[in-house]
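# Descriptive structure summary
The primary structure of each chain is shown beneath.
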Amino acid sequence: MKPKNIIIPYKCLLPLVEDTNLLKAFCIWGKLKLKFSHGSIHNIKSRKQELAKSLNICENTFRKNLSILKNKNLISFEQDGTLRLLNKYNIYSSTNI
């Protein structure tokens, strides 16, 4: 099987590296994006502990990173409890490029 890759535009790397919290949150986004290639996670409220455990982080850290990603428009929450992992092109808008 081919390894999965996430392509990060070069111009977006500097803003990600400058803010360590954003970089950590982006790593979480990348891991989720590789794990859920279709881009959505259903029943996120009941699965936060399960997902945090699969990423080897505590649930509080997972929640903190989700709020950072939401503020940067890399994820969105829908009314039915679905978490949408927005596409890589949202990195441009979140890093003001």
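Residues numbered from 1 in each chain as written. Predicted model: local features only at pLDDT ≥ 70, side-chain atom pairs only at ≥ 80, totals over all residues. Heavy atoms only, no water.

For soluble globular proteins, the rule of thumb is that nonpolar side chains tend to be buried together. Grouped together as the largest cluster of nonpolar side chains are 21 residues, with contacts concentrated most on Trp-29, Leu-32, Ile-41, Phe-62, Ile-75, Leu-83 and Leu-85. If one sorts the elements of this core by residue count, helix H2 (residues 20–35) sits on top with 6 residues. Setting aside anything within four residues of it in sequence, one finds Leu-83 in contact with Gly-39, Ser-40, Ile-41, Ile-44, Leu-66, Ile-75, Ser-76 and Phe-77. (Core = buried A, V, L, I, M, F, W, Y, C linked by side-chain atoms within 4.5 Å. Buried < 20%, exposed > 50% of the residue type's maximum accessible area, 1.4 Å probe, protein only. Helix = DSSP H or I, 4+ residues; strand = E, 2+ residues; numbered from the N terminus. Contact = heavy atoms within 4.5 Å.)

Further remarks concern the environment of Gly-39. You can see Gly-39 is positioned in the loop between H2 and strand E1 (40–41). Along the sequence, Gly-39 and Leu-86 sit 47 residues apart, while their C-alpha atoms lie 6.9 Å from each other. Contacts of Gly-39, omitting those with residues within four sequence positions, involve Lys-33, Leu-83, Arg-84 and Leu-85.

Once that is clear, we can look at H2. Given 3.6 residues per helical turn, the α-helix brings residues three or four places apart onto the same face. A rise of 1.5 Å per residue sets the reference length of H2, with its 16 residues, at 22 Å; its end C-alpha atoms lie 23 Å apart and thus fit the reference within 8%. Listing the buried residues of H2 in full gives Leu-22, Ala-25, Phe-26, Ile-28, Trp-29, Gly-30 and Leu-32. (Expected span 1.5 Å × (residues − 1).)

Let us now look at the sheet that holds E1. The sheet built from 3 strands is open, its strands ordered E1-E3-E2 with antiparallel pairing. Lying at the two open borders of the sheet, with one neighbouring strand each, are E1 and strand E2 (75–77). Most of the contacts of helix H4 (residues 59–71) go to E2, to which it runs at about 100°, and overall it touches E2 and strand E3 (83–85). (Pairing = 2+ DSSP bridges. Axes fitted to C-alpha atoms, helices over the stretch in contact; angles between N-to-C directions.)

This next bit is on the packing of helix H3 (residues 44–54) against H4. As a packed pair, H3 and H4 sit with axes 9 Å apart at the nearest point and diverge in direction by 105°. Classified by the angle their axes make, H3 and H4 are roughly perpendicular. Across from Lys-48, Gln-49, Leu-51 and Ala-52 in H3, the residues of H4 making contact are Glu-59, Phe-62, Arg-63 and Leu-66. Of the residues contributing to the contact of H3 with H4, the split by class is 4 nonpolar, 1 polar and 3 charged. (Parallel < 35°, antiparallel > 145°, perpendicular 65-115°, else oblique. Nonpolar A, V, L, I, M, F, W, Y, C, P; charged D, E, K, R; others polar.)

This part takes up the packing of H2 against H4. Packing of H2 against H4 brings their axes to within 9 Å, and their N-to-C directions diverge by 95°. What the angle tells us is that H2 and H4 run roughly perpendicular. Here Asn-21, Leu-22, Lys-24, Ala-25, Phe-26, Ile-28, Trp-29 and Leu-32 of H2 lie close against H4, whose contacting residues are Phe-62, Lys-64, Asn-65, Ile-68 and Leu-69. Among the residues making up the contact of H2 with H4, the classes are represented as 9 nonpolar, 2 polar and 2 charged.

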